[in-house]
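# Remarks on the overall topology
Residue strings, one per chain:
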2 protein chains.
Amino acid sequence: MAKSSSQRFSIGVDYGTNSVRALMVDVTDGSEIASSVFNYPSGEAGVLLDPKDPNLARQNPADYIQGFYTSVRQAVAAAKKKKEFQIEQVVGIGIDTTGSTPIPVDRTGTPLALDPKYQKDMAANAWLWKDHTSHAEAAEITAKAAKHKDAYLTKCGGTYSSEWFWSKILHCKRTTPKVFQAAYAWVEMADYIPAFVTGNTDPHTIQRSICAAGHKAMYNDAWDGLPSERFLASLDKDLVAVRRRYANRAVPSDQIAGHLSAATAKKVGLPVDIPVSVGAFDAHMGAVGAGIKRGTLVKIIGTSTCDMMVAPMDQPLVDIPGLCGIVPGSIIPGMYGLEAGQSAVGDIFNWFVSHLAPAEFTAKGDPHANLTRAAEQIQPGASGLLALDWNNGNRTVLVDPLLTGLLVGQTLHTSAPEVYRTLVEATAFGGLTIINRFEEYGVEVKEVINCGGIAEKNPFVMQIYADVCNRPMKISRSAQTCALGAAIFGAVIGGAYKNVEQAQRKMTGVKDKVFRPVKNHAAVYAELYKLYQQLHDAFGKANYRTTLHHVMKDLIAVRNRVRKG
Amino acid sequence: MAKSSSQRFSIGVDYGTNSVRALMVDVTDGSEIASSVFNYPSGEAGVLLDPKDPNLARQNPADYIQGFYTSVRQAVAAAKKKKEFQIEQVVGIGIDTTGSTPIPVDRTGTPLALDPKYQKDMAANAWLWKDHTSHAEAAEITAKAAKHKDAYLTKCGGTYSSEWFWSKILHCKRTTPKVFQAAYAWVEMADYIPAFVTGNTDPHTIQRSICAAGHKAMYNDAWDGLPSERFLASLDKDLVAVRRRYANRAVPSDQIAGHLSAATAKKVGLPVDIPVSVGAFDAHMGAVGAGIKRGTLVKIIGTSTCDMMVAPMDQPLVDIPGLCGIVPGSIIPGMYGLEAGQSAVGDIFNWFVSHLAPAEFTAKGDPHANLTRAAEQIQPGASGLLALDWNNGNRTVLVDPLLTGLLVGQTLHTSAPEVYRTLVEATAFGGLTIINRFEEYGVEVKEVINCGGIAEKNPFVMQIYADVCNRPMKISRSAQTCALGAAIFGAVIGGAYKNVEQAQRKMTGVKDKVFRPVKNHAAVYAELYKLYQQLHDAFGKANYRTTLHHVMKDLIAVRNRVRKG
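Rules used in this analysis
Residues numbered from 1 in each chain as written. Chains lettered and ligands numbered in written order. Predicted model: local features only at pLDDT ≥ 70, side-chain atom pairs only at ≥ 80, totals over all residues. Heavy atoms only, no water. Pairing = 2+ DSSP bridges. Helix = DSSP H or I, 4+ residues; strand = E, 2+ residues; numbered from the N terminus. Axes fitted to C-alpha atoms, helices over the stretch in contact; angles between N-to-C directions. Contact = heavy atoms within 4.5 Å. Buried area = accessible area lost by both parts, 1.4 Å probe. Salt bridge = Lys/Arg side-chain N within 4 Å of Asp/Glu carboxyl O. Domains from an automatic or database assignment. Polar contact = N/O pair within 3.5 Å; in protein donor to acceptor, adjacent residues only side chain to side chain. Nonpolar A, V, L, I, M, F, W, Y, C, P; charged D, E, K, R; others polar. Core = buried A, V, L, I, M, F, W, Y, C linked by side-chain atoms within 4.5 Å. Buried < 20%, exposed > 50% of the residue type's maximum accessible area, 1.4 Å probe, protein only. Least-squares fit on C-alpha atoms with pLDDT ≥ 70 in both.

Read from one edge to the other, the open sheet built from four strands follows the order E19(A)-E20(A)-E20(B)-E19(B), with strand pairing classed as antiparallel. Among the strands making up the open sheet, the edge pair consists of strand E19 (386-388) of chain A together with strand E19 (386-388) of chain B. Strand after strand, the sheet turns through a mean of 10° between neighbouring axes, direction not considered. Contacting E19 and strand E20 (405-410) of chain A, helix H14 (residues 416-440) of chain A runs over the sheet at an angle of about 55° to E19(A). Each of E19 and strand E20 (405-410) of chain B touches helix H19 (residues 519-540) of chain B; the most contacted strand, E19(B), lies at about 40° to it.

The following block contains the structure:
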């Protein structure tokens, strides 16, 4: 509980892929006093692209700085208009960002991209999380790490990704050595922003986030932090220096990164010396904002999903194959943070609407709403269709980007709403596969809280998720869980609460509306899920021999039974 | 060659699913003098439907009679306007129909449906080929026939179909015993029309078509015509009478069914006593009209395909698993007629256009043409997609209606033209599977002649067929091969030619334009076909164990290679 009326507000700053949002929150109940969004001005919707290489995605670090100044200043200004708000009552600032988004910096910690000398070098910018240029380096790191005595890969699901820290740095070395040589150090965006706004960007003393480091830089206390110099040298001898200049130990976000510098304070209209938390990734703080606790799975559902859990550190936790990350303190300090996810969810629905929905559903109004209206009329199993949700690969549990979508069961009468519903069901089956994986390895899922745009706005999808998973689906009360999560860390470091859990109890909650499974829907989906699993394993697992002759016949049998009613 | 100028014209009458076409042909070169189409007035586009049962499809036999009168009368009238035409020079009439389309008739051979007493009984009508109400009876016949000492199923691909003679009659007995008891006999539509127009409908003396009987009624000289009384009695004792009243031996269509009756002649404006050929199924006469001969595969491509070949009877022919029929004389008298086919081809393209094509391709102009224009720009393999062409089951070689479509390889960028092209390719792979099956069993395919609407009008599809099959694709010169085939039989029975082969040499031919395989396209398709075969066997063959993990990866590898160029 907030200790006194002088500790009343905290600020969460949430750096997304296209924009940054600042949220002023009342720490007594988590309610939102004011907010402001700043869209990154560079590139396309904030992303620097290369028409010759669809894998490339960079960002201009200047957008981050400008984004902090503008969004926080505007949120503060808007809060000031509220009677209940007093600027002196702001106790702290929390910051989350996308990631892994490493930035090459000079000796002072200043991004190379801010130096006019490097303005033409794409590699001098921030390497946005979804940059996949380093897939060859990722495969090389996976191959070498798999053979290493320390189980480097066990904490990241068995496969090192092209989206992550070392892959990107190694790719920079190999393809743009000029930038690599000019970079004194590499700093995750989640570390850079708190460092910048508190006026301490020296790579040697910068506070490093355990969330960013643990999931994406193979940082773990079991092997003394980052991977060994010897291992890194086996990839490229120059990576040793990157490790040496990453001086501090990585810590959770209930630690203070620093205090708002006078320069920054002036820019945003806040008092100086407000504490700023160590940064973390958006999904991790989002999980906190959604009320994650032991036994609670938080699903952040957008274009893709993050499926987050925590587990106590006083009990042994076996490594869970296929999880993107298992990192102590990455979500809630003092607990293991477990990160799973689906590579595409909303993106699949959007793909269908953009490319395969007929005019009947797209000519007037929102195509998703139109398709949903028709798809809601279809009983589970009645279409005879089944799909795999792999249009963008599979993050959990197969950890394989080289997978694609599959649709089976089409007849000469299969309709667009039937396919649309089937794609929604496929993402639900993918989500259930993650839940099952957690439970198979001893992490019980007692509750599921959903957040993100689709959870907020799409009861059709949420009901299917409840029916497929045969579990109630709760919805986070806040629509801005990432920024709220960041504000919770701001409240904790500002002293309003003793720890994150205490702050969550006051500042988070779920909506009254809970989606509960319909019994006979759940029964049909249990049958379909068995078939999903068989396709999943047949197409997703190497050397997996099986028979599939029954799949089409079983789908027809279910269809005929359901249609007869 | 036509023997004299007095033997100059013949008439082909082609009964399709929705209409009947009469074609007046010059026997000297097969050119078309006049034609007329009559659309069946009953039901929906000529088909009587039951809103409660999508499997039901019947026809009103009165439409057949009216159709003969109108179409032939109009074709004769149109021909009379041509200078070169003289009515006395008409030498014969050939007739083809859909099938198996059995009709319950009374003691005089009159369809029960023409008796007002039965006008409310759906079962008293003609049971159109695509009526699938008797699927349970078909399964029962297949099961019992499989155990029989005579190899009843070997001539129809190992599975007896719900589309065929005995299934339908047995279903009538079980579900509408009143109609079954009222029916003195059952007559195939292909037998009924020649019988009616020649004034001999007595079930005991009616000429039976070997084409209709051999493919669909399990008629074979190897077991004394129709299946034994004992076998039929094991299904239902009342089927014995159906067999006994099927008195004549079945014969090929170079035999005369009778001569035009005075009553019919008067209705259509032709002299009496013109000979009328024994009937046959449309695809079989269509194959003749397209120029089928030893080594020539005729593909009749429409909503579905028929893939027809002939083989000499002086050499042993092993039974070919998966073929719908192997019948002596069913296509060309004196040769085995081999019938294969794909359950849906044009129907699949139409399904995609109706249900999944976005407004961009459907708003203006012909959606097929719009999609084709875009799909033509896509290189083979570049989409990363692969499909199974089973939206309506698989006729050859799996003979399984309980199969459905499959699409694999979708990403978040997969476009409608990519899917459209993939569906075309899938039907081509299905066609190649039929070619391979013929050749595996010793029936060499030296030439492929295509006919039907898609062959006529769609160079995009034909080029893909050439590339996938790695063979030249020829196109029949006539756009009305079924009616032309019927006219060829009319010419033969009228004495203009000594046999069908001699008539074909004069009356059939292919267009100058031949679609030839493009070498590097064929190479890519050879790779994709291997993957198609693996999916085909995995989903289509019982107890077939396999690994499919490589499928998506191989498709991505081909895609990446092709896109790099």
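From this point on, the discussion continues.
Now for the interface of chain B and chain A. The partner chain A presents 49 residues to the 49 residues of chain B that form the contact. Considering only the side of chain B, the residues that lose the most area to chain A are Leu412(B), Phe539(B) and Met552(B), jointly responsible for 18% of the buried surface there. At the boundary of chain B with chain A, the tally comes to two salt bridges. The shortest N-O distance in the salt bridge between Asp400(B) and Lys553(A) comes to 2.5 Å. Those elements that place two or more of their residues in the side of chain B that touches chain A are helix H11 (346-355), helix H12 (359-362), E20, helix H14 (416-440), H19, strand E23 (545-547) and helix H20 (549-564) of chain B. The leading source of residues in the side of chain B that touches chain A is E20(B), at six residues.

All names here are of chain A. Taken domain by domain, chain A holds domain 1 (9-280), domain 2 (291-344 + 436-507) and domain 3 (350-426 + 518-564). Using only C-alpha atoms to locate each centre, domain 2 and domain 3 end up separated by 26 Å. In this assembly, 21 residues from domain 2 lie in contact with 20 residues from domain 3. Ranking the residues of domain 2 by area buried against domain 3 places Ser343, Phe460 and Asp467 at the top, with a combined share of 36%. Summed over the shared surface of domain 2 and domain 3, the number is nine residue pairs in polar contact (both at pLDDT 80 or more). For the side of domain 2 that touches domain 3, the secondary structure elements donating two or more residues are strand E18 (335-342), H14 and helix H16 (459-469). Of the residues contributing to the side of domain 2 that touches domain 3, the split by class is 10 nonpolar, nine polar and two charged.

With 156 residues, the main nonpolar core has Phe352(A), Phe438(A), Phe539(A), Phe352(B), Phe438(B) and Phe539(B) as its most contacted residues. Not counting residues up to four positions away in its chain, the partners in contact with Phe438(B) are Leu297(B), Asp307(B), Met309(B), Ile320(B), Leu323(B), Leu338(B), Ala340(B), Val443(B) and Val445(B). With 42 residues, the next largest nonpolar core counts Ile33(A), Phe38(A), Ala75(A) and Val268(A) among its residues.

Mapping chain B onto chain A calls for a screw motion: a turn of 179° about the axis and a shift of 0.1 Å along it, with 0.1 Å RMSD after fitting. As the rotation angle and translation indicate, the two copies are arranged about a two-fold axis.

A few words on the side chain of Ser209(B). All names here are of chain B. Within the fold, serine 209 resides in strand E10 (residues 208-209). Separated by 2.9 Å, the side chain of serine 209 and the backbone oxygen of glycine 279 make a polar contact. In contact with serine 209, not counting residues within four places along its chain, are Asp191, Ala250, Val251, Val278, Gly279 and Ala280.

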